[in-house]
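# Observations on chain architecture
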Amino acid sequence: MPRTPLWTAIETALTEDIAEGRYSSGDRLPSEAALAARFGVNRHTVRRALASLAEAGLVHSRRGAGVYVQHAATDYPIGRRVRFHRNLEAAGRLPAREIALLETRSADAAEARALELDAGDPVLICEGRSLADGQPIALFRSVFPQARLPGLAEALHEVSSVTAALARVGVPDYTRRSTRISARPATATQAVQLRIAEGAPLLRTVAVNADAQGRPVEFGTTWFAGDRVTLTLHDLDGEAP
């Protein structure tokens with residue numbers, strides 16, 4: 001069985017240090033010499049690990065000053081009201097969403113079941129990428145009941161926020177009915193979009209949001225970069241995670 005390259009093991013260890021808060025955003029990492037001593041390798045091996053971290057967007061180098069943490073993992077609360085923009089702003093990050101796909105098609109069996117529709121009913125699909133301070137942190141796919149939310153496609157064209165778009169079509173508030181969390185390795189396509197290595201860990205959430213009357217308004221799947229987001233569960237009020 002092939003042995004893991006030393007530089008890859010060092011990259012993994014430093015990624016875990018950042019994700020677990022040992023180094024915060026803006027912190028300077030130990031020098032190459034100090035890291036080489038810590039891991040018992042030469043400086044060339046450390047340099048390769050740091051270059052890979054820089055390619056992933058986790059660190060950046062300042063000429064003559066050292067290597068600094070670009071972004072530490074962001075706490076992302078999962079509760080009865082999950083709001084992307086609000087969560088990122090509360091963590092001191094600048095949120096943004098890029099919509100890559102917005103189309104209407106027939107619901108498949110899983111979508112119809114989650115949204116309490118008949119199989120084949122029309123649904124609006126919205127896919128894209130979520131960013132914090134310009135760094136991609138997640139990919140998302142939201143499925144909405146088309147007939148129940150007329151005008152939503154136009155609203156999403158104008159505002160990237162799902163909360164704001166739903167408010168425009170008569171859903172001023174909604175709550176999380178359920179959330180399922182699992183781990184997945186990043187596919188080649190996901191890795192390119194998130195600027196991470198293929199096979200890197202992703203945290204996948206599959207959730208249903210409902211309006212004040214209890215009717216499902218969104219069936220969403222999100223793939224979070226595992227080293228950039230920490231999901232925190234709170235105030236679930238009996239929800240099934």
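What comes next concerns the included structure. (Residues numbered from 1 in each chain as written. Predicted model: local features only at pLDDT ≥ 70, side-chain atom pairs only at ≥ 80, totals over all residues. Heavy atoms only, no water.)

What follows covers the overall build of the protein chain. Looking only at helices and strands, one finds 8 helices and 10 strands in the protein chain. For the C-alpha atoms alone, the extent of the protein chain along its principal axes is close to 60 × 40 × 35 Å. Expressed as a percentage of its 241 residues, the buried residues of the protein chain come to 45%. The long-range share in the protein chain, meaning contacts at least 24 apart out of those at least 6 apart in sequence, stands at 58%. On the protein chain, the mean spot of the 29 positive side-chain charges and the mean spot of the 28 negative ones are 5 Å from each other. (Helix = DSSP H or I, 4+ residues; strand = E, 2+ residues; numbered from the N terminus. Buried < 20%, exposed > 50% of the residue type's maximum accessible area, 1.4 Å probe, protein only. Contact = heavy atoms within 4.5 Å. Lys, Arg positive; Asp, Glu negative; His and termini not counted. Charge placed at Lys NZ, Arg CZ, Asp CG, Glu CD.)

If you walk through the whole model with that rule in mind, you get 14 salt bridges. Of the charged contacts in the structure, one is a salt bridge between Asp133 and Arg93, with a shortest N-O distance of 2.7 Å. On the criterion of sequence distance, the pair formed by Asp133 in the loop between strand S5 (122-132) and strand S6 (135-145) and Arg93 in the loop between helix H4 (84-90) and strand S4 (95-106) is long-range, its members being 40 residues apart. The partly exposed category is assigned to Asp133, whose relative accessible area is 35%. Here the salt bridges do not stand alone but share partners, grouping Asp17, Glu20, Arg22 and Arg38 into one network. (Salt bridge = Lys/Arg side-chain N within 4 Å of Asp/Glu carboxyl O.)

Quick look at the sheet that holds S5 now. Judged by pairing direction, the sheet is antiparallel, and its 6 strands sit side by side in the order S4-S5-S6-S9-S8-S7 without closing on themselves. Of all the strands in the sheet, just S4 and strand S7 (174-185) have a single pairing partner and so form its edges. Along the sheet, successive strands turn relative to each other by an average axial angle of 15 degrees, direction set aside. Relative to S6, S5 is paired through 10 bridges, and the arrangement is antiparallel. Residue pairing in the sheet places Ala132 in a bridge with Gln135 of S6. (Pairing = 2+ DSSP bridges. Axes fitted to C-alpha atoms, helices over the stretch in contact; angles between N-to-C directions.)

For the rest of this paragraph, the subject is empty space enclosed by the protein. Taken as a whole, this structure holds 1 cavity of 30 Å³ or more when the rule is applied. In this structure, the largest cavity occupies an estimated 30 Å³ of space. Lining the largest cavity, in full, are Leu124, Phe144, Pro145, Gln146, Leu149, Pro150, Gly151, Leu152 and Ala153. Among the elements of the structure, S6 and helix H6 (152-158) are those that each provide at least two residues to the lining of the largest cavity. Of the residues contributing to the lining of the largest cavity, the split by class is 7 nonpolar, 2 polar and no charged. (1 Å grid on protein atoms, 1.4 Å probe; cavity = no way out; pocket = protein on both sides within 12 Å on 5 of 7 lines; lining within 4 Å. Points joined across faces, edges and corners; volume = space filled by probe spheres on them. Nonpolar A, V, L, I, M, F, W, Y, C, P; charged D, E, K, R; others polar.)

All right, on to the side chain of Ser130 then. As for its position among the elements, Ser130 is in strand S5. Engagement of the side chain of Ser130 in a polar contact is seen with the side chain of Arg97, the distance being 3.2 Å. For Ser130, the contacting residues outside a window of four places in its chain are Phe84, Ala96, Arg97, Gln135, Pro136, Ile137, Ala138 and Phe140. (Polar contact = N/O pair within 3.5 Å; in protein donor to acceptor, adjacent residues only side chain to side chain.)

This paragraph deals with the packing of helix H2 (residues 32-39) against helix H3 (residues 43-55). Put simply, H2 and H3 touch, their axes get as near as 9 Å, and they point 105 degrees apart. On the basis of the axis angle, H2 is roughly perpendicular to H3. Contacts between H2 and H3 involve Glu32, Ala33, Leu35 and Ala36 from the first element and Arg43, Val46, Arg47 and Leu50 from the second. Taken together, the residues of the contact of H2 with H3 break down into 5 nonpolar, no polar and 3 charged. (Parallel < 35°, antiparallel > 145°, perpendicular 65-115°, else oblique.)

Taking 1.5 Å as the rise per residue, H3 with 13 residues should run 18 Å; its terminal C-alpha atoms sit 18 Å apart, in good agreement. The complete set of buried residues in H3 reads Thr45, Val46, Ala49, Leu50, Ser52 and Leu53. For H3, the angular spread of the buried residues around the axis is 155 degrees, confining them to a single face. Pointing more than 90 degrees away from the buried face of H3 are the exposed residues His44 and Glu55. Buried residues along H3 sit against helix H1 (6-19), H2, strand S1 (59-62) and strand S2 (66-69). Phi for Gly57, located one or two positions after H3, is positive at around 85 degrees. (Expected span 1.5 Å × (residues − 1). Arc of directions from axis to C-beta.)

Running from N to C, H1 and H2 cross one another at 110 degrees; their axes reach a closest spacing of 12 Å. One element, H1, and the other, H2, form an angle in the roughly perpendicular class. In this structure, H1 uses Ile10, Ala13, Leu14 and Asp17 to contact H2, whose residues at the interface are Leu35, Arg38 and Phe39. Class assignment for the residues of the contact of H1 with H2 results in 5 nonpolar, no polar and 2 charged.

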